[in-house]
Amino acid sequence: MLSNEDFLHIFHEIKNSITLVNGSLQLVAQKHPEVCNFDYWNEAMSEIHFLKNMVTQLSATRLCSQLKQISVNIYSFMNQISASVHAFSEEYFNFEIILEENLPLVYLDPHLFRQALINIIKNAYEASGNGNVPVRIHVFSKGSLLHIAISDCAGGLDPAIADSIFHPFITSKAGGSGLGLVITKQIVECHNGTIACESRLGDGCTFTITLPILQEVTQS
């Protein structure tokens, strides 16, 4: 597993390269404005800005510098997740959240933790053929931990990458950055939680997140 120093070095080097490319292209555009009308120019510039923002975000997440934890009612939080999912997915998405009764409070940063869950759900959505097979979230408590299990039936992971999906730049998606699950893992660990993936080749995947329970107070 990469150390904190390794991550920071990677972020620094990538950000420097992206900044150099971005600056060089802006100079080209100033001297030769006609390039802005070339095919794919706008798409290329958009991708550069996306990469720059992503690396900045990943660096901040690694250091947990944005963490603002509060006591959260998991029922209300998961309702917000459901609304977000239906906002990015197609009209039909075979998606369900199953919440057990009397779930305890958890202590988390709603904004960052939402990002972690959405990263996994989007992966499941895309792997399932944009909603054509079921994606389920099961939330339950056991002992001193809250469990959030996100399952799909999209065939499972390529065995060649199954053990490395939380490492930087490992991806099975065409055009993927290989950083989404790295970001997710760092967010979960910032909350003193854990994340694991069970891949069932030919069936699907289950990502399970565990979080410490704030207190023995139930919610209705």
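This is a predicted model, so every value here is computed, not measured. (Residues numbered from 1 in each chain as written. Predicted model: local features only at pLDDT ≥ 70, side-chain atom pairs only at ≥ 80, totals over all residues. Heavy atoms only, no water.)

Side note on the pairing of strand 3 (residues 104–108)
Put simply, the rule reads: Burial classes follow relative accessibility: with a 1.4 Å probe on protein chains only, a residue under 20% of its type's maximum area counts as buried, one over 50% as exposed, and anything between as partly exposed. The helix and strand labels rest on DSSP assignments: H or I over at least four residues marks a helix, E over at least two residues marks a strand, and numbering proceeds from the N terminus. Whether two strands pair depends on DSSP finding at least two bridges between them.
For strand 3, the tally of buried residues reaches four of five residues, placing the bulk of the element in the interior. Two strands pair when backbone bridges link them, and strand 1 (residues 70–72) and strand 3 are joined in this way by three bridges, in the antiparallel orientation. Each bridged residue has a counterpart across the sheet, and for serine 71 the counterpart in strand 3 is tyrosine 107.

With respect to the state of the cysteines
Cut-off, in case you're wondering: Note on disulfides: each one is a pair of cysteine sulfur atoms within 2.5 Å.
All told, the structure shown has zero disulfides when counted by the stated rule. Cysteine 197 takes part in no disulfide bond, and the closest cysteine sulfur to it belongs to cysteine 205, at a distance of 4.4 Å. Assessed through its relative accessible area of 27%, cysteine 197 is described here as partly exposed.

Things to note about the packing of helix 3 (residues 74–88) against helix 4 (residues 110–127)
Put simply, the rule reads: Comment: axis = line fitted to C-alpha atoms, over the contacting stretch for helices; angle = value between 0 and 180 degrees taken between N-to-C directions. When an angle is under 35 degrees it counts as roughly parallel; over 145 it counts as roughly antiparallel; between 65 and 115 it counts as roughly perpendicular; any other value is oblique. Helix crossings are classified by the rotation of the near helix relative to the far one: an anticlockwise turn of less than a right angle makes the crossing left-handed, while a clockwise turn makes it right-handed. Contacts between residues were defined by any pair of non-hydrogen atoms, one from each residue, lying within 4.5 Å. Only Asp, Glu, Lys and Arg are considered charged, only Ala, Val, Leu, Ile, Met, Phe, Trp, Tyr, Cys and Pro nonpolar, and every remaining residue, Gly among them, polar.
The contact between helix 3 and helix 4 brings their axes to 10 Å, and the two run at 45°. Considering the angle they form, helix 3 stands oblique to helix 4. The hand of the helix 3/helix 4 crossing is right-handed. In this structure, helix 3 contributes Phe77, Met78, Ile81, Ser84, Val85 and Phe88 to the contact, and helix 4 contributes Pro110, Phe113, Arg114, Leu117, Ile118, Ile121, Lys122 and Tyr125. The class makeup of the residues in the contact of helix 3 with helix 4 is eleven nonpolar, one polar and two charged.

Thoughts on the packing of helix 4 against helix 5 (residues 180–190)
At their nearest, the axes of helix 4 and helix 5 sit 9 Å apart, and the two run at 145° to each other. The element helix 4 and its partner helix 5 pack so that their crossing is left-handed. Here helix 4 contributes Leu112, Phe113, Gln115, Ala116, Asn119, Ile120 and Asn123 to the contact with helix 5, which in turn contributes Gly180, Leu181, Ile183, Thr184, Ile187 and Val188. By residue class, the composition of the contact of helix 4 with helix 5 is eight nonpolar, five polar and no charged.

Quick look at the side chain of threonine 184
If you trace the backbone, threonine 184 turns up in helix 5. Setting aside its immediate chain neighbours within four residues, threonine 184 contacts Ala116, Asn119, Ile120 and Ile195.

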